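# Chain and residue survey
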Amino acid sequence: MGWFTKKQEQKDEKESLEHYLQRSNDYKKVDYINQQTNRRFSFSFISSLIDEAILQNNALPYLIEKPFETIEDVKKIIPIADVEISNDPSVIEQKLFNGYVLFTIDSDKGNFAFIAAQKELVRSIAPPEVEFSVIGPKEAFVESVEQNVNLIRKRLPIKELIIEDVTVGSLSKTKISILHIDGIADPANVQTVKERIKSIQFDALTDSSYIVQLISDNKNSPFPQLLDSERPDRVTAILAEGKIAILVDGSPHALIAPTTLVEFFSSFEDYFLNWMLSSFFRLIRLFAVAFSILITPIYVATLSYHYELIPKDLMNTLVTSRREIPLPPILEALFLELTIELLREAGARLPTKVGQTIGIVGGIVIGTASVEAGLTSNVLLIIVALAALASFTTPVYKMGNAIRLLRFPFLFFAELWGLLGIVFCFCFLMAHLIRLTSLNRPFLEPIYPPRVKDLKDSLIRLPFSKQSLRPDYLRTQNPVRYTVKEKKEKRDIDE
């Protein structure tokens, strides 16, 4: 009786699936007859998911002309490697919507076969758009997770590279691949990533950005706690360090965990240049970020509370530029900052050519008009333009958005308490960053907690000869990247 009930439930499930499929125009069920045995067989498939040429060329001619008795004979007849035999109706839905063809025989209705015939619609590999570099490889990830894994596999042709797949999303059934190098990555980090991804309760995941928001340690922080990259070479280097990569089917960006704040200001092109040049460019980016956040609040605080800090020569220039401005410094600064943000959003949402025109022409016209109309001073216009330009030096787009947001709290604190307000806001920011973690690892490492060994590739980049050890905070199983061999100079001794 129990067996009958189970079979009946499976039958109801299958009938329910067929009921939904028959309402879809891309569902097809085709019947054929074998010429040798006169057995009737059928193919059921989703036409939008399979390549019908595979079915017509590699399966149908053999099944019509060659004799077969049972489902098991199908593997021997057709020249397709991926053929699965099953008697469990509960897997039919999963297989059909993954690009398999359901093969059944009228004389053996209890068993069926799934023939792989997936249609591969993959965008061709193109140069990186967000992380473009003049020097180095010109390959970027695409939306196919299999293709992305291939780009990493060919750069790491080792058996220790472990790839584990997880399906997430009650509706989207999104495939997520977790990559790490066995023997290097910390098993605790790997286990943490697996548990967090498997515990995701969401209906549809269409991009890796969903994963960042769902598994981050602090979901209310404006700072991204997972680094995303579209470069296979960068992900390969990160895996070799002992970190974990997450690939999401349908997303051209890989996620890297754990990560630190300093990594968001490091371009992968730094590793293709001389270490002195790389260190110089990193320091410029860090200075640009600080300048972008603080320069406008300092302007507001100085003009509102601290006139005595302004040199006399500069005071004359500021008085002249603000002589006919009816707005207080805070409203003047907010007007220009919001104008810059509007131009950014308009340029990003419009088509490329139109967006560039809007950004350039709109900035010139609005800036000139606001100064001539007496709404803003020309000094503040220059300051805001330089701050906007400095914010573009951030290599990672998501961190650039966080930097854009930070300017506004600093502006309000500067209006309330002047330079003291800027100090208060900076203290709040540092307290937040100190408490922030990425996979339970400190986000401010190696600055806090201080780790001198990890400073070799943080604010500056030392030569590769000085980077023979992996970062301490990753707690890798094998901390040694390579063995440094000291060269002993041989001197000829004249006797």
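### With respect to the overall build of the protein
- Along the backbone of the protein there are 16 helices and 12 strands.
- At 30 Å, the protein has a C-alpha radius of gyration far larger than the 23 Å of a compact globule built from 495 residues.
- If you line up the protein on its principal axes, its C-alpha atoms span 105 × 85 × 45 Å.
- The 495 residues of the protein split such that 44% are buried.
- Counting only carbon and sulfur atoms, one obtains 58% of the accessible surface of the protein, whose full area is about 26900 Å².

### As for the pattern of salt bridges
- Across all of its chains, the model carries 25 salt bridges by this definition.
- As a salt-bridge pair, Lys 159 and Glu 160 come within 3.0 Å of each other at their nearest N and O atoms.
- Lys 159 gets classed as exposed once you look at its relative accessible area, which sits at 72%.
- Glu 160 gets classed as partly exposed once you look at its relative accessible area, which sits at 29%.

### A closer look at the confidence of the model for the protein
- Per-residue confidence for the protein gives a mean pLDDT of 87; residues scoring 70 or more make up 93%.
- The secondary-structure element of the protein with the lowest mean pLDDT is helix α1 (residues 2-21), recorded at 55, while strand β9 (residues 244-248) shows the highest, at 97.
- Within the model, the stretch residues 1-9 combines pLDDT values under 50 with zero contacts to residues more than four positions away or in other chains.
- Taken as a whole, residues 487-495 scores under 50 in pLDDT and shows zero contacts with residues more than four places along the chain or in a different chain.

### Description of the sheet that holds strand β4 (residues 100-105)
- One open sheet accounts for five strands, arranged β1-β2-β4-β5-β3; its pairing is antiparallel. The strands lining the two open edges of the sheet, one partner per strand, are β1 (27-33) and β3 (83-86). Looking at each pair of strands side by side, their axes are set apart by 20 degrees on average, direction ignored.

### Describing helix α15 (residues 397-417)
- Taking 1.5 Å of rise per residue, the 21 residues of α15 would be expected to cover 30 Å, and the 32 Å separating its terminal C-alpha atoms lies within 8% of that figure.
- Residues Met 399, Gly 400, Ala 402, Ile 403, Arg 404, Leu 406, Arg 407, Phe 408, Phe 410, Leu 411, Phe 413 and Ala 414 constitute the buried set of α15.
- Contacts made by the buried residues of α15 are with α10 (275-305), α12 (329-349), α14 (378-391) and α16 (419-435).
- Phi turns positive, to about 70 degrees, at Gly 418, one or two residues after α15.

### Details of α16
- Look at α16: 25 Å from first C-alpha to last across 17 residues, which is about the 24 Å you get at 1.5 Å a residue.
- For α16, the full list of buried residues reads Gly 421, Ile 422, Cys 425, Leu 429 and Leu 433. Across the axial projection of α16, the buried residues extend over an arc of 110 degrees, all falling on one side.
- Looking at the buried positions of α16, the neighbouring elements they touch are α10 and α15.

### Thoughts on the sheet that holds strand β8 (residues 227-229)
- Read from one edge to the other, the open sheet built from five strands follows the order β6-β7-β9-β10-β8, with strand pairing classed as antiparallel. Two strands close off the open sheet at either side, each with one partner strand: β6 (161-168) and β8. Put simply, the sheet's adjacent strands are angled 25 degrees from each other on average, direction ignored.
- Two elements, β6 and strand β7 (residues 174-181), share eight bridges in a ladder whose sense is antiparallel. Bridge pairing in β7 places Val 166 opposite Ile 176.

Definitions and cut-offs
- Residues numbered from 1 in each chain as written.
- Predicted model: local features only at pLDDT ≥ 70, side-chain atom pairs only at ≥ 80, totals over all residues.
- Heavy atoms only, no water.
- Helix = DSSP H or I, 4+ residues; strand = E, 2+ residues; numbered from the N terminus.
- Rg over C-alpha atoms; globule rule 2.2 N^0.38 Å.
- Buried < 20%, exposed > 50% of the residue type's maximum accessible area, 1.4 Å probe, protein only.
- Areas by Shrake-Rupley, 256 points an atom, 1.4 Å probe, with all protein chains shown as cover.
- Salt bridge = Lys/Arg side-chain N within 4 Å of Asp/Glu carboxyl O.
- pLDDT = per-residue confidence, 0-100.
- Contact = heavy atoms within 4.5 Å.
- Pairing = 2+ DSSP bridges.
- Axes fitted to C-alpha atoms, helices over the stretch in contact; angles between N-to-C directions.
- Expected span 1.5 Å × (residues − 1).
- Arc of directions from axis to C-beta.

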